[in-house]
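# Observations on the three-dimensional arrangement
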Amino acid sequence: MYICETKIDLARNPLKQLISGVLSLSLLFSISCGLSENTKRLILSTSIGCGVGLALGAVYDEAQRKKDSKDKKNDIQRQIKSSLALEKKKPQNKGKIIGLGAGCLAGLGTGFYLNTMYDNMAEEMKQQGITLTKNERGGETVGLIATMDGGIAFEDGKADLKGKGKENIDKLAEALAAYPETKVNISGHANRTGAEDLNLKLSKDRANTAKSAIVGNGIESKRIGSVEGLGSTQPRVVGGKEIDPKDGSNRRVEVEIVPAA
């Protein structure tokens, strides 16, 4: 049996670039049979993000070739937000984190990439018990802070994740899978009870617990940046004010999401 070979210049044809991406995703789904449900979930999350990223990346490349104006780039960014919103509304995507594929960070810029991540995650994360805030510098978003309330995640004097705390990490890992051009810095915290040297050790153990859980969910270890314990030195800030350092919600982990490059 002979197979007809056709040369396709993907670099010059965005539509063919998209078709190639869809075929690649179909292959990815076909080989996922037999994997664990957790791994399949991560693959699905990544695949949806890459599919959207391939399509919109092709559109953006075409616009760049035509040397369109800044207004055109803004139009493309609006198209991206609309496309992601439509993906999220599909019944099969309900409850999933919909992201952007590889290459989008370079094409669209750090601020837009992180703002898109925030817009698509914040409300759903809040329902899971995770507070997502923007870290801005000079009016541009340079990172996102995901705070997991220790009152949910950690018991007093312990560093193991249970119940809702474990669910929080799983959901965060899903988001990281959908936005592959990010890495994370993890900090553990304690409330101010007992000796501070013990608090420091406990907070570092909590940070390491979060790291292990994220990597255990399929996120590559190279995407983990710093992992540190800060003891009780940085109480939570609510409404612009630090809360009581002894408050139990200070038993927490914060994950800073930043561009990978």
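This is a predicted model, so every value here is computed, not measured.

Next up on the list: the overall build of the chain. When you go through the chain residue by residue, the secondary structure sums to eight helices and seven strands. When each of the 261 residues of the chain is scored for burial, the buried share is 41%. Taking the contacts inside the chain whose residues are at least 6 apart along the sequence as the reference set, 72% of them involve residues at least 24 apart. As displayed, the chain has an accessible area near 14,000 Å², and 53% of this comes from carbon and sulfur atoms.

Moving on to the nonpolar core. Counting 42 residues, the largest nonpolar core has Met121, Leu172, Ile186, Val255 and Ile257 as the members making the most contacts within it. Other than its neighbours up to four places away in sequence, Met121 contacts Ile97, Leu132, Ala175, Tyr179 and Ile257.

Locating Arg206 in the fold gives a position in helix H8 (residues 196-216). For Arg206, a relative accessible area of 0% translates into the label buried. Separated by 48 residues in sequence, Arg206 and Lys158 place their C-alpha atoms 8.0 Å apart. Setting aside anything within four residues of it in sequence, one finds Arg206 in contact with Phe154, Glu155, Gly157, Lys158, Ala159, His189, Ala190, Arg251 and Val253.

Next up on the list: the pairing of strand E2 (residues 140-148). Burial analysis of E2 places seven of its nine residues in the buried class, the great majority of the element. The pairing of strand E1 (residues 130-137) with E2 spans eight bridges and is antiparallel. Opposite Lys134, over in E2, you have Leu144 as the bridge partner. The turn linking E1 back onto E2 is made up of two residues, and Gly138 within it adopts a positive phi angle of 60°. In the sheet, E2 pairs with strand E7 (residues 253-259) via five bridges, with the strands oriented antiparallel. The residue bridging Met148 from the neighbouring strand is Val253, located in E7.

The end-to-end C-alpha distance of H8 is 30 Å, a good match for the 30 Å that 21 residues give at a rise of 1.5 Å each. Along H8, the residues classified as buried are Asn199, Leu202, Ser203, Arg206, Ala207, Ala210, Ala213 and Ile214. Down the axis, H8 shows its buried residues gathered within 140° of arc, on one side only. Opposite the buried face of H8, at more than 90 degrees from it, the exposed residues are Asp197, Leu198, Lys201, Ser212 and Gly216. Against helix H7 (164-178), strand E3 (182-188), strand E4 (224-229) and E7 lie the buried residues of H8. Downstream of H8 by one or two residues, Gly218 has phi in the positive range, about 100°.

So, about the environment of Thr209. Looking at the element boundaries, Thr209 is found in helix H8. A C-alpha to C-alpha distance of 7.3 Å links Thr209 and Leu161, two positions 48 residues apart in sequence. With sequence-adjacent residues up to four places away left out, Thr209 is seen in contact with Ala159, Asp160 and Leu161.

Overall, mixed pairing links the five strands, which are arranged E1-E2-E7-E3-E4 in an open sheet. Of all the strands in the sheet, the pair left with one neighbour each is E1 and E4. On average, each strand axis in the sheet is tilted by 20° relative to the strand beside it, whichever way the strands run. With seven bridges joining them, E3 and E7 adopt antiparallel strand pairing. Within E7, the residue paired with Gly188 across the bridge is Val253. Sitting on the sheet, helix H5 (residues 110-128) is in contact with E1, E2, E3 and E7, with an inclination near 20° to E2.

Thresholds applied
- Numbers given for residues are sequential positions, taken from 1 along each chain in its written order.
- Local features in this predicted model are restricted to residues of pLDDT 70 or higher, and side-chain atom pairs are both shown and tallied only at a pLDDT of 80 or more, whereas totals for entire chains, interfaces and linings draw on every residue.
- The side-chain numbers reported here are obtained from all heavy atoms of the structure, hydrogens and water having been left aside.
- Secondary structure counts use DSSP, requiring at least four H or I residues in a row for a helix and at least two E residues in a row for a strand, with both numbered from the N terminus.
- Think of it in three bands: with a 1.4 Å probe and only protein chains considered, a residue is buried below 20% of the maximum accessible area for its type, exposed above 50%, and partly exposed in between.
- Whether two residues are in contact is decided by their heavy atoms: any pair within 4.5 Å suffices.
- Only the protein chains shown count as cover for residues, and all accessible areas are computed by the Shrake-Rupley method using a 1.4 Å probe.
- To qualify as a nonpolar core, a set must consist of buried Ala, Val, Leu, Ile, Met, Phe, Trp, Tyr and Cys residues joined through side-chain atoms within 4.5 Å.
- Any two strands between which DSSP finds at least two bridges are classified as paired.
- Expected span of a helix: the number of residues minus one, times 1.5 Å.
- Regarding the arc, it is the one traced by the directions from the helix axis to the C-beta atoms.
- Between the N-to-C directions of two axes lies an angle of 0 to 180 degrees, each axis being a line fitted to C-alpha atoms and, for a helix, fitted only over the stretch in contact.

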